[in-house]
Structure formats: C-alpha cells, structure tokens
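For reference, the chains in residue letters:
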Amino acid sequence: MEMTKRKLLNGARFLSFTVDNENYCIDILKVKELMGMTTITPLPRTPQFIRGVINLRGQIIPIIDLRLKFGLSFQEYTKRTCIIVVEVSYEGENILMGLVVDAIQEVVSIPEEKMSKIPYINAKIRSEYIKGIADTPEGMKIILDVLKVLSDEELAAVKDSAVVRVEAKV
C-alpha cells in the first residue's frame, strides 16, 4: 500500500485540456505559462495553423491552433479558449510557442504503469503526435508528444516567424 501511494505521487504530471471534446494532456515540464486568449498578430505566408504571433513580456511567441493543426475546422475563440505556452528544443535551441486549445482542465499525475503505448488510436489526430494513452480517474487521456506535433519544417517555420517578426519591429 505504501509503495503504491509513493508511485502515484511520483507519477509524471501532465496538464490536461480539450480540443474538439477530446481529452488530451502534455508533460507539465514542457509548459511554461497558461494564458487566456489575447490579440494575435497574423503573419503572411505561414501555414494556416500558425495563427500568428503575440508579444509576451517583450518576447515574440508564435501561436499554433491545435484544432487547425489536427485538421479540424476553425472554431471561434471563446472565454474558455486558452493558450498554453510550451518550450520545445529545435536544432539545440529552446523555442517558446503557444498552443491554442478549447479549454484547460487540470494537472493530473499519471503513473507510468497506467500509460499505454499503442500504435493506433481512433482519435481525430495523427498517431505520430501521440505518446500514449492513459486511463485516469477522470477518464481516458491522450498524451501528446509536443515535440512531434510539428515536423522539422514546421518548427523551422515557427522559429522563422518569430525571428522575422522581431526583425520587422526593429
């Protein structure tokens, strides 16, 4: 019993959120900030899912709408729509980017033994974005691999969009 409690407390922690009524979560260690919707400055010649950039305390952050990235239709932003600012590593550099989600739920602890790696999930997104699936007391959660949601080319476009915007302001 004591060991079980300790494992539960030592389980990895994830931020859970919804996109199109599906429950997802990402590693809490990748999350740098949570914020409500704000004005996004659009950028020309970027993929549709890159909504634009925001200025977060002097730092230019590219914003990715996960609905559009997952091939879902655009939905008007509401009071519950949020931006999750995450940090990813690309070519040895740490890049901040914002992920637009329908709603943030909670932080959950998921012990490793509750996570399953399965090659295919009947989800609305491509399986390579998925690190695994977990059965939690709150229901099934799809664990996203933030590093794989964007391809190398898309990460390069995100990085360039922030750099171009900064250079344009100078």
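Structure report, in brief.

Calculation rules
Residues numbered from 1 in each chain as written. Predicted model: local features only at pLDDT ≥ 70, side-chain atom pairs only at ≥ 80, totals over all residues. Heavy atoms only, no water. Pairing = 2+ DSSP bridges. Helix = DSSP H or I, 4+ residues; strand = E, 2+ residues; numbered from the N terminus. Contact = heavy atoms within 4.5 Å. Polar contact = N/O pair within 3.5 Å; in protein donor to acceptor, adjacent residues only side chain to side chain. Phe/Tyr/Trp six-rings, centres within 6.5 Å; stacked < 30°, edge-to-face > 60°. Buried < 20%, exposed > 50% of the residue type's maximum accessible area, 1.4 Å probe, protein only.

Section: the sheet that holds strand S9 (residues 115–116)
Thinking step 1. The sheet built from six strands is open, its strands ordered S8-S1-S2-S11-S10-S9 with mixed pairing. In this open sheet, the two strands that pair with only one neighbour each are strand S8 (103–110) and S9.
Thinking step 2. In the sheet, strand S1 (residues 12–19) pairs with S8 via six bridges, with the strands oriented antiparallel. Bridged to Leu 15 within S8 is Val 107.

What to know about the pairing of strand S11 (residues 139–144)
Thinking step 1. Where strand S2 (residues 22–27) meets S11, two bridges bridge the pair, whose relative direction is parallel. Looking at S11, one finds that Tyr 24 is bridged to Ile 142.
Thinking step 2. Here strand S10 (residues 130–136) pairs with S11 via six bridges, running antiparallel. Note that in S11 the partner of Ile 130 across the bridge is Leu 144.
Thinking step 3. The hairpin turn running from S10 into S11, its antiparallel successor, is two residues long.

Topic: the environment of Asp 102
Thinking step 1. Within the fold, Asp 102 resides in the loop between strand S7 (93–101) and S8.
Thinking step 2. What Asp 102 contacts, discounting residues up to four positions off in sequence, is Thr 18, Val 19, Asp 20, Asn 21, Arg 67, Gln 75, Arg 80 and Thr 81.
Thinking step 3. Among the polar contacts made by the side chain of Asp 102, one reaches the main-chain amide nitrogen of Asp 20 at a distance of 2.7 Å.

Side note on the packing of aromatic side chains
Centre distance and the angle of the planes are the two values used to describe a pair of aromatic rings.
Thinking step 1. According to the stated counting rule, one finds three aromatic pairs in the structure shown.
Thinking step 2. Seen from their ring centres, Phe 17 and Tyr 24 are 6.0 Å apart, and the 25 degrees between their planes marks the pair as stacked. The same class applies to Phe 17 as to Tyr 24, namely buried.
Thinking step 3. With centroids separated by 5.8 Å and ring planes inclined at 45 degrees, the aromatic side chains of Tyr 24 and Phe 70 adopt a geometry described as tilted. Residue Tyr 24 is located in strand S2, and its partner Phe 70 is located in the loop between helix H2 (66–69) and strand S6 (82–90); the two are separated by 46 residues in the primary sequence. Residue Tyr 24 shares its accessibility class with Phe 70, and that shared class is buried.

A word on the side chain of Lys 69
Thinking step 1. Relative to the helices and strands, Lys 69 resides in helix H2.
Thinking step 2. What Lys 69 contacts, discounting residues up to four positions off in sequence, is Phe 49, Ile 64, Tyr 129, Val 149, Leu 150 and Glu 154.

Considerations on unusual backbone geometry
Thinking step 1. Here Asp 20, not a glycine, exhibits a phi torsion of approximately 55 degrees, which is positive.
Thinking step 2. Along the chain, Asp 20 falls in the loop between S1 and S2.
Thinking step 3. One non-glycine residue, Asn 21, adopts positive backbone phi at about 65 degrees.
Thinking step 4. Within the secondary structure, Asn 21 sits in the loop between S1 and S2.
Thinking step 5. Taking the relative accessible area as the measure of exposure, Asn 21 reaches 76% and is therefore exposed.

A closer look at the environment of Tyr 24
Thinking step 1. By relative accessible area, Tyr 24 is classed as buried at 1%.
Thinking step 2. For the pair formed by Tyr 24 and Gln 105, sequence separation is 81 residues and the distance between their alpha carbons is 9.5 Å.

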